[in-house]
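Read off the chains here:
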Amino acid sequence: MQFEKIVPSVFYKDIQQALILFVDCLHFNLKHAEFNISTPYCVLEKDGNSLMVFQDQVLAEEHYPELRIETKNITEVFKQVQASHPHLLHPNLNTITLRPWGAKEFAIKDEQVGIRFMEW
């Protein structure tokens, strides 16, 4: 059995909020979009990673995912987020912190999703 990649689905009350976080802040590309249907969705992609985002009020209220993004350049990622979208920095992990398990981490969040960036 072989898997190519895992593509998580994330639900937002307003899909435009997802575009601010993933496209504007983190520079994901919009690979596919269906915005003018009853359940708008899009596929976002960056560096071989994909994410499906859906606008669904009910599911958004039930799910608050935390994603982890592993990087080899956490300082550069942090500087870019801090410069462009400092309001998204998570209040509990808003600087690069060496964690007891050996990873350097910082986190961001919006109304729906938490993202923890980590470098081993």
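Worth saying up front: this structure is predicted, and the values here are computed from it rather than measured.

1. Details of the packing of aromatic side chains
- Applying the stated rule across the entire model yields 5 aromatic pairs.
- Here Phe78 and Phe106 contribute two aromatic rings whose centre-to-centre distance is 5.0 Å and whose plane-to-plane angle is 85 degrees, an arrangement assigned as edge-to-face. Pair noted here: Phe78 is in helix H3 (residues 74–84) and Phe106 is in strand S7 (residues 104–109), with a separation of 28 residues, a long-range link.
- Phe106 sits in the buried class, given a relative accessible area of 0%.
- Taken together, Phe11, Tyr41 and Phe54 form an aromatic cluster joined through their ring pairs.

2. Some words on the sheet that holds strand S1 (residues 9–12)
- Strand order in the open sheet made by the 4 strands is S1-S4-S3-S2, with mixed pairing throughout. Whereas interior strands pair on both sides, the edge strands pair on one side only; in this sheet they are S1 and strand S2 (29–34). Averaged over all adjacent pairs, the angle separating strand axes in this sheet is 20 degrees, with direction ignored.
- With 4 bridges joining them, S1 and strand S4 (residues 49–55) adopt parallel strand pairing. Each bridged residue has a counterpart across the sheet, and for Val10 the counterpart in S4 is Val53.

Conventions we followed
- Residues numbered from 1 in each chain as written.
- Predicted model: local features only at pLDDT ≥ 70, side-chain atom pairs only at ≥ 80, totals over all residues.
- Heavy atoms only, no water.
- Phe/Tyr/Trp six-rings, centres within 6.5 Å; stacked < 30°, edge-to-face > 60°.
- Helix = DSSP H or I, 4+ residues; strand = E, 2+ residues; numbered from the N terminus.
- Buried < 20%, exposed > 50% of the residue type's maximum accessible area, 1.4 Å probe, protein only.
- Pairing = 2+ DSSP bridges.
- Axes fitted to C-alpha atoms, helices over the stretch in contact; angles between N-to-C directions.

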